[in-house]
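Overview (structure and organization)
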Amino acid sequence: MRRLVASITAALLVVTACTATPSTTPQASAGEKPVPGGTLVRAVTGDPKSFNPILVTDTTSYRYIEAVYQDLLRRDPKTSELTGRLAEKFELSKDGLTLTYTLRDGLKWSDGTPFTGEDYKYTAEATMRSKRTTRQTAFTNVLGAQDYKDGKTDEIKGIQVKDGGKSIVITFSKTLCTAVEDLSGAGAGYLLPSKHFKQYFDPRTTDTSKTIDDNPLNMAPPASMGPWVFKDFKPGDRATFTKNPNYYLGAPLIDEFIVKVYSDAAAIKAALLVGEVSFAGVEPKDWDELTKVESLKGFEFADFGWNYLAWNAESTKAPWLANKLVRQALTYGVNRQAIIDKIVFGHGKLVYAAQPPANAAYKDDDLNKYPFDPQKAKQLLEQAGAKMGSDGIYRWTDGTPMKMRIETNQPNTVRETILQLAQEQYKQIGVSIDAQLMSFNTLLERIRCCGKDFEGWISGFTGLGPDPDQESLWHSSHIAPNEFNRWRYRNPSVDRLLDQIHSGPDCNEATRNKLVHDVDKQLNEDVPVIWLYSGNNLIFGQKNIQNFAPTSVSTIYNIEQWWIKK
Amino acid sequence: MGRFVLRRLVQAVPTLFGILLLTFLLTRLSPSDPVALMFGDRFNVTEEQRQELRHNLGLDEPLPVQFITYLGKVAVLDFGNSFIYHRPVMQVIAERLPNSLQLSIAALLVGLVIGVPLGIVAALTRGRLPDHVIRLTSVVGHAIPTFWFGLLFVLVLGVQLRWFPVGSMNAIGRESDILDRLWHMVGPVLTLSLGAISNYPRFLRTQMLEELSQDYVRTAHSKGLRGRLVVTRHVLRNAIIPLVTSLGGILTILIGGAVITEQIFNWPGLGRLFFEALVNKDFPIVQANVVVGSALLLLSYILRDVVYVIVDPRIKVKA
């Protein structure tokens, strides 16, 4: 028995002592001749909900879809500037009401069919007629889109294909500064091969009961514009792709691409360590250990999002939340640097206003940084009219003790820990917090605008960029059920700025970025929410994969140039 | 015998109805709204779009109407479309079933093939070295949590020593290679059968020792029957009955999938599917799981009763 215990202990020691297996890894020197062939494996944690982009919104599904389908424009992986992909150029008329995309020459689907504006129009119409999609919002201002949806017409009048399929002309009823990017994927985000899908859904009809929602091609893409061609899909296990000889940037050097499902981050880590996985995202806690592994290379970059602790400015139980000085006090009262150091192990950045640090419009030099300062917090509370009670809890001007709830979802260790920390630190500045944990869905229902029976909550946003338009988060017109101004932030001067950012008339990037920073300055002063931090994206790849250089915009933008050094 | 089976089947119907009603109500009355879930934290979704989706999913009809529609569909094993995968639930389940069956059947066989002989040996060598060793390992095996054993297997034999794969059903590019599959099965099957390997010997040993001291054994010995025949024909047959009891829920064990083991060894089986469905509030899949699982459990109990009749001569069927 003692020996058994001894050997198990020994085994554990081995595991903890050296998980890194030393190996000599070849590194290519510049100008070395690439060797084609091999297989790439990308790790994800779930199946695609569908391969049809019209039907999905989750990032996991996009990991599969982006291998085969493309859109007209892309963000430059380094500068994040909007530039052409399948479209060679785009032009928005002076009045912002006509948008023209011009396609590159000689574009072909993987099966040899030419790619034309008809594929674009098809995708747009399929999106408008889908009963299961949540992606129709891009068409709000497109002429005739609603009529087509309602079955009054058999085509979207505002989308015209011209020059033998080479240009797409879109007409709007109202300017929308984000239209150029929002419509580059025909609402769905990625364009479908119309020739194949037409056998299941023909858009030239006024019968609105016909949709693209149920057909076998949704789980088996029939043709590809992306670097890879779909081969097969084994649910719960993997999807396999082969290289696309017709890819517009040239066929990939690597023969096969596999997106493989792992049960969790621990399984992905093990598979990275033994070399089964070529590249994958990892958790902050595993970063230090993986960087010590000779065969792996890590990349860290900012994310287009942030985590927040928000306040309901119209709460009945905590009327003090409507007071700017109180919200400023609460911002000084929580140690955000400690959250970054202790909870995400340094893999994040402090955020002081609404633009995430990854965005081009981000600028923080003239923003108040709100360093952790309990004394200053107390001082601001008193300035706002609060009086200290005998129990160490402040009394608000009406005499009620400053007690309130902060809610967050579980299981989510990071948010639960932040909540504990906030509870302790607010106690020190004389504000009592009742911590409440619930499922994510329940939380969403609780904080739905415009209830009065909640005070504070912790959550997060991703996908807030690269376009800086955040009108739906801060504009007072979005204080409505199911909309996103859940904190009831109202500031007429901010509303005016947001309108200009959203609908022009001047949609020029420099003009907009200046306005965006003006919004940030006001938000930084009003602190409707406490921006806790923006967590970094962490990606690891095998060192022998050449030209692998993910950025915050895209991981696989140059996948056709990757090759595996033996 | 035929009437006995038929009667048990008819008795199962009200139970099944109760289960259907309960699962239906529980999923519909839970506070999570599947529509809110499908939209997630997306921008710019209007209340109108929400209502439209709710209508398309049939969630806006009165509960009794929903329940009757539901019963009619369950009768033909139509559990509707998964909220998350947008495909028929039974199709999603059928894709995963073979993966889970491979593991569970192999684990059952390994458990029996190793566990039963160990129990017999322990009983026959009572108080001597083999008995001590078997009992000790049995206790140790029983005390090790499955997840810990599985994790240790992956970390030591997979990541550290690279003797075994760290998970998955096949190495990449060797999908149709049967030897490779067996190689990948070693870890999960051992982990899954660990409980059986350590429990069966304990069960069987106790029961065998009790039977060995019975009068009929002495009679059999004294009438000159060979020792081995006494054990296999008489003692084992009686001693195996508690084992049959412990295999009561066998069908559910076989088909239900193994959440933890599948999770650790990254095995794309039903256990993981159901677990993820639960986390994602994918009601149709959760319902199918509970309903099919309960039906199988009822069936297993009927099957067990039939097996009792066969192995235990003392049990007689009242026709």
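Summing up its helical and strand segments, chain A has 16 helices and 23 strands in all. The globule rule puts the C-alpha radius of gyration for 566 residues at 24 Å, and the 26 Å found for chain A is close to it. Projected onto its principal axes, the C-alpha positions of chain A cover 80 × 75 × 45 Å. Counting the 566 residues in chain A, one finds 46% classified as buried. Counting contacts in chain A only where the partners sit at least 6 residues apart, residues at least 24 apart contribute 70% of the total.

Moving on to unusual backbone geometry. Residues apart from glycine generally show negative phi values, whereas peptide bonds are mostly found in trans. Residues and elements named next belong to chain A. Geometrically, the link from G504 to P505 is a cis peptide bond, its omega value of 15° lying close to zero. Inspection of the secondary structure puts P505 in the loop between helix 15 (492-503) and helix 16 (509-526). Although it is not a glycine, R488 adopts a positive phi angle of roughly 55°. Within the secondary structure, R488 is located in the loop between helix 14 (471-474) and helix 15.

Residue and element names in this part refer to chain A. Within strand 1 (residues 39-44), 5 of the 6 residues are buried, which leaves the element mostly enclosed by the surrounding structure. Note that strand 1 and strand 10 (residues 256-261) share 6 bridges and pair parallel. By the bridge assignment for strand 10, T39 is matched with E256.

With that settled, the discussion passes to the pairing of strand 8 (residues 228-234) of chain A. When a strand is regular, its side chains alternate between the sheet's two faces. All names here are of chain A. Judged from the 6 bridges that link them, strand 8 and strand 9 (residues 238-243) form a sheet pairing that is antiparallel. Following the sheet pairing, W228 is matched in strand 9 by K243. Counting the residues in the hairpin turn of strand 8 and strand 9 gives 3 residues, including G236, whose phi is positive at 75°.

Turning our attention to helix 2 (residues 59-68) of chain A. Residues and elements named next belong to chain A. The element helix 2 is largely enclosed, with a buried count of 7 among its 10 residues. Turning to helix 2, its buried residues number three or more, namely S61, R63, Y64, I65, E66, A67 and V68. Residues of helix 2 that are buried make contact with strand 1, strand 8, strand 9 and strand 10.

All names here are of chain A. Judged by pairing direction, the sheet is antiparallel, and its 4 strands sit side by side in the order 4-5-7-6 without closing on themselves. Edge positions in the open sheet fall to strand 4 (87-92) and strand 6 (159-162), since each of these has one partner strand only. Averaged over neighbouring strand pairs, the angle between their axes works out to 15° when direction is ignored. The sheet contacts of helix 3 (residues 117-129) involve strand 5 (98-103), strand 6 and strand 7 (167-171), and relative to strand 6 the element is tilted by about 165°.

All right, on to the sheet that holds strand 18 (residues 432-438) of chain A then. Residues and elements named next belong to chain A. Taken together, the 6 strands give an open sheet; going across it, the order is 14-20-13-19-17-18, and neighbouring strands pair in mixed fashion. Strands with a single pairing partner mark the edges of an open sheet, and in this sheet they are strand 14 (348-349) and strand 18. Pairing analysis gives 2 bridges linking strand 14 to strand 20 (residues 529-535), with the strands arranged antiparallel. Its bridge partner being in strand 20, G348 is matched across the sheet by G535. Along the sheet, helix 12 (residues 413-428) contacts strand 13 (306-311), strand 17 (403-409), strand 18, strand 19 (456-461) and strand 20; its crossing angle with strand 18, the most-contacted strand, is approximately 170°.

So, on to the nonpolar core. Grouped burial of nonpolar side chains is what soluble globular proteins tend to show. Within the largest apolar cluster, 163 residues are counted, with the highest numbers of intra-cluster contacts made by I268, A271, V529, I530 and W531 of chain A. In terms of residue count, helix 7 (residues 265-273) of chain A provides more of this core than any other element does, 6 residues in total. In this view, I530 of chain A contacts Y308, L309, L330, T331 and V334 of chain A; residues no more than four positions away in its chain are not counted. By size, the runner-up hydrophobic cluster in this structure holds 20 residues, among which are L118, I197, L236 and I250 of chain B.

This part takes up the packing of helix 1 (residues 2-29) of chain B against helix 15 (residues 283-311) of chain B. Residue and element names in this part refer to chain B. Running from N to C, helix 1 and helix 15 point in directions that differ by 160°, and their axes come no closer than 10 Å. Here helix 1 is positioned roughly antiparallel relative to helix 15, judged by the angle of their axes. For the crossing formed where helix 1 meets helix 15, the hand is right-handed. In contact with V5, R8, L9, A12, T15, L16, I19, L20, T23 and T27 of helix 1, helix 15 contributes F283, V286, Q287, V290, V291, S294, A295, L298, I302, D305 and V306. Here the contact of helix 1 with helix 15 is composed, by residue class, of 14 nonpolar, 5 polar and 2 charged.

About the thresholds
- Per chain, residue numbering runs from 1 following the sequence as it is written.
- For this description, chains carry letters from A and ligands carry numbers from 1, given in the order in which they are written.
- Note on the predicted model: pLDDT of at least 70 is required for a residue's local features to be given, and 80 or more for side-chain atom pairs to be given and counted; whole-chain, interface and lining totals, by contrast, use all residues.
- Helix and strand definitions follow DSSP, with helices as H or I runs of at least four residues and strands as E runs of at least two, each counted in order from the N terminus.
- The globule rule used here is 2.2 Å times the number of residues to the 0.38 power, and the radius of gyration it is set against is calculated over C-alpha atoms.
- Three exposure classes are used, based on other C-beta atoms lying within 10 Å of a residue's own C-beta, which is placed from the backbone: buried for 20 or more, exposed for 12 or fewer, and partly exposed in between.
- Any residue pair is listed as a contact if its two C-beta atoms, each placed from the backbone, are within 7 Å.
- If DSSP finds at least two bridges between two strands, the strands pair.
- As a rule, the C-alpha atoms of each element are fitted with a line to give its axis, helices using only the stretch in contact, and angles between N-to-C directions run from 0 to 180 degrees.
- Core membership is restricted to buried Ala, Val, Leu, Ile, Met, Phe, Trp, Tyr and Cys residues, and these are joined into a nonpolar core through C-beta atoms within 7 Å.
- Angles below 35 degrees are treated as roughly parallel, those above 145 as roughly antiparallel, those between 65 and 115 as roughly perpendicular, and all remaining angles as oblique.
- By convention, the crossing between two helices is left-handed when the near helix turns anticlockwise from the far helix through less than a right angle, and right-handed when the turn is clockwise.
- Amino acids are sorted into nonpolar (Ala, Val, Leu, Ile, Met, Phe, Trp, Tyr, Cys and Pro), charged (Asp, Glu, Lys and Arg) and polar (every other residue, Gly among them).

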